[in-house]
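Breakdown of the fold
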Amino acid sequence: MKFFADTAEIKEIAELAEMGLLDGVTTNPSLIAKSGRDFKEVVAEICQLVEGPVSAEVIALDCAGMLAQAKDLTAIADNVAIKVPLTWEGLKACRALSDQGTMVNVTLCFNANQALLAAKAGAAFISPFIGRLDDMGIDGMEVIEEIRAIYDNYGFTTEILAASIRSANHVKFAAMAGADVATVPPSVLQGLVKHPLTDKGLEGFMADWKKTGQSL
Ligand code: G3P
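A cluster of nonpolar side chains, namely Leu202, Phe205 and Met206, defines an oily patch on the protein surface of about 350 Å² accessible area. Positionally, phenylalanine 205 belongs in helix H11 (residues 196-212). Among the residues examined, phenylalanine 205 registers a relative accessible area of 61% and is labelled exposed.

This is the structure in structure tokens:
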């Protein structure tokens, strides 16, 4: 499974990239607002840190506007993927952009039929929002399973990018359901390392090492 960082915070991205953990980055208007920084500047900096796809989201709601904004954003770096919303206009923009060789991440996906449309429109990535479905009492993971089955039935190459990931369990179950990518907030990614027995075991080893009186 590939890991993308779902953040616009450069410091967090730099640390993960240095560890070789990052296969890409996703941003959205909310994350850019949270960073308090200039959108294009942030995207340019991220693209210098990460070789994989860096999703930058258009703000226009009509296809022509999306394409104009996409032109600006793709000029930033070769690894910019354009994020478009899962609307009729977004699908038109997806087709036009993917026809011209631009990676498109279709975002705000909440069911399998939407994902089918995005794949037909040539999306490189489809982003089902797991956490937001769970928030509504709908099992987000079931949607991942359905999309996986449909894409496999017809050989679609669109990658399933599990998004709105809120917990370590989300990562695990998305991986089990066959998501190609999980885009994860860095705090959740760091949480994957945690296990109380690891901490306890380390404590024991440290205490025993002290008893040896040796140093390294
Ligand atoms: O990748 C989409 C993600 O940023 C949305 O997450 O937690 O706002 O639902 P959330």
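So that's the structure; there's more coming.
Around the ligand, the neighbouring residues are Asp6, Asn28, Phe129, Arg132, Ala163, Ser164, Arg166 and Thr183. Within the contact set of the ligand, an oxygen atom lies 2.6 Å away from a side-chain nitrogen or oxygen of aspartate 6. Between the ligand and the protein, one listed contact pairs an oxygen atom with a side-chain N or O atom of arginine 132 at 2.7 Å. Protein contact buries 81% of the 310 Å² of open area that the ligand shows by itself. Taken together, the residues that form the shell around the ligand break down as two nonpolar, three polar and three charged.

To continue, consider a negative patch on the surface. There is a patch of like negative charges on the surface, built from Asp134, Asp139, Glu142, Glu145 and Glu146. Considering every element that reaches the negative patch, the biggest residue donor is helix H8 (residues 140-154), with three residues. With respect to the helices and strands, glutamate 146 occurs in helix H8. Of the residues examined, glutamate 146 reaches a relative accessible area of 39% and is grouped as partly exposed.

Take the sheet that holds strand S5 (residues 104-109) next. An order of S1-S2-S3-S4-S5-S6-S7-S8 is seen for the eight strands of this closed barrel, with the pairing classed as parallel. Recorded for the sheet is a direction-independent mean angle of 30° between the axes of neighbouring strands. In the sheet, strand S3 (residues 54-57) pairs with strand S4 (residues 80-85) via four bridges, with the strands oriented parallel. Bridged to glutamate 57 within S4 is lysine 83. Across the sheet, helix H6 (residues 112-120) is in contact with S5 and strand S6 (125-128); its angle to S5 comes to roughly 165°.

Thresholds applied
- Residues numbered from 1 in each chain as written.
- Predicted model: local features only at pLDDT ≥ 70, side-chain atom pairs only at ≥ 80, totals over all residues.
- Heavy atoms only, no water.
- Patch = residues over 30% accessible without salt bridge, like charges linked within 9 Å, V, L, I, M, F, W, Y side chains within 5 Å.
- Areas by Shrake-Rupley, 256 points an atom, 1.4 Å probe, with all protein chains shown as cover.
- Salt bridge = Lys/Arg side-chain N within 4 Å of Asp/Glu carboxyl O.
- Helix = DSSP H or I, 4+ residues; strand = E, 2+ residues; numbered from the N terminus.
- Buried < 20%, exposed > 50% of the residue type's maximum accessible area, 1.4 Å probe, protein only.
- Near = heavy atom within 4 Å.
- Polar contact = N/O pair within 3.5 Å; in protein donor to acceptor, adjacent residues only side chain to side chain.
- Nonpolar A, V, L, I, M, F, W, Y, C, P; charged D, E, K, R; others polar.
- Lys, Arg positive; Asp, Glu negative; His and termini not counted.
- Charge placed at Lys NZ, Arg CZ, Asp CG, Glu CD.
- Pairing = 2+ DSSP bridges.
- Axes fitted to C-alpha atoms, helices over the stretch in contact; angles between N-to-C directions.
- Contact = heavy atoms within 4.5 Å.

Keep in mind that these numbers describe shape and distance, not what the molecule does.
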